[in-house]
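Listed below, chain by chain, are the residues.
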Amino acid sequence: MGATSGNNISAAIVGTRTGSGWGTALSFWTNNVTSGAQGTDAIQEQMRLNENGHLGIGTDNPQNSLHVNSASDQATIRLTSADNSFARIYFGDQSDGVR
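Here goes a summary of the coordinates provided. (Residues numbered from 1 in each chain as written. Predicted model: local features only at pLDDT ≥ 70, side-chain atom pairs only at ≥ 80, totals over all residues. Heavy atoms only, no water.)

### Overview of the side chain of Asn50
Inspection of the secondary structure assignment puts Asn50 in the loop between β4 (40–49) and β5 (55–57). The contacts of Asn50, once residues within four sequence positions are left out, are Thr24, Ala25 and Pro62. (Helix = DSSP H or I, 4+ residues; strand = E, 2+ residues; numbered from the N terminus. Contact = heavy atoms within 4.5 Å.)

The structure is reproduced here in structure tokens:
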């Protein structure tokens, strides 16, 4: 499903089969453009969870567990937490015991 347009469409979640097997993907579409004389909404795919469990933000073909792509700006991941708390990312493998 490519970029879609239609009156009064503001968002969509679409489940699709991938290939000829039973693999499926789930894509999330939002409206970030309004065009046309009657305010036709143009929705575009923003995020996809593919059949391998890979999550893509800004890409419809995620290659890793988390794949972030920005076509117009720097790809940025932001973590924030409450005051006097921590925002953390742990790196390691399954045997490290970090969960």
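Next comes the rest of the account.
### Topic: the pattern of salt bridges
All told, the structure shown has one salt bridge when counted by the stated rule. Of the charged contacts in the structure, one is a salt bridge between Arg48 and Glu45, with a shortest N-O distance of 2.7 Å. Take Arg48: its relative accessible area is 16%, and that puts it in the buried class. (Salt bridge = Lys/Arg side-chain N within 4 Å of Asp/Glu carboxyl O. Buried < 20%, exposed > 50% of the residue type's maximum accessible area, 1.4 Å probe, protein only.)

### Concerning the packing of aromatic side chains
Within the structure shown, the criterion is met by zero aromatic pairs. A cation sits over an aromatic face here: Arg17 above Trp22, 4.5 Å from the ring centre. (Phe/Tyr/Trp six-rings, centres within 6.5 Å; stacked < 30°, edge-to-face > 60°. Lys NZ or Arg CZ within 6 Å of the ring centre and 35° of its normal.)

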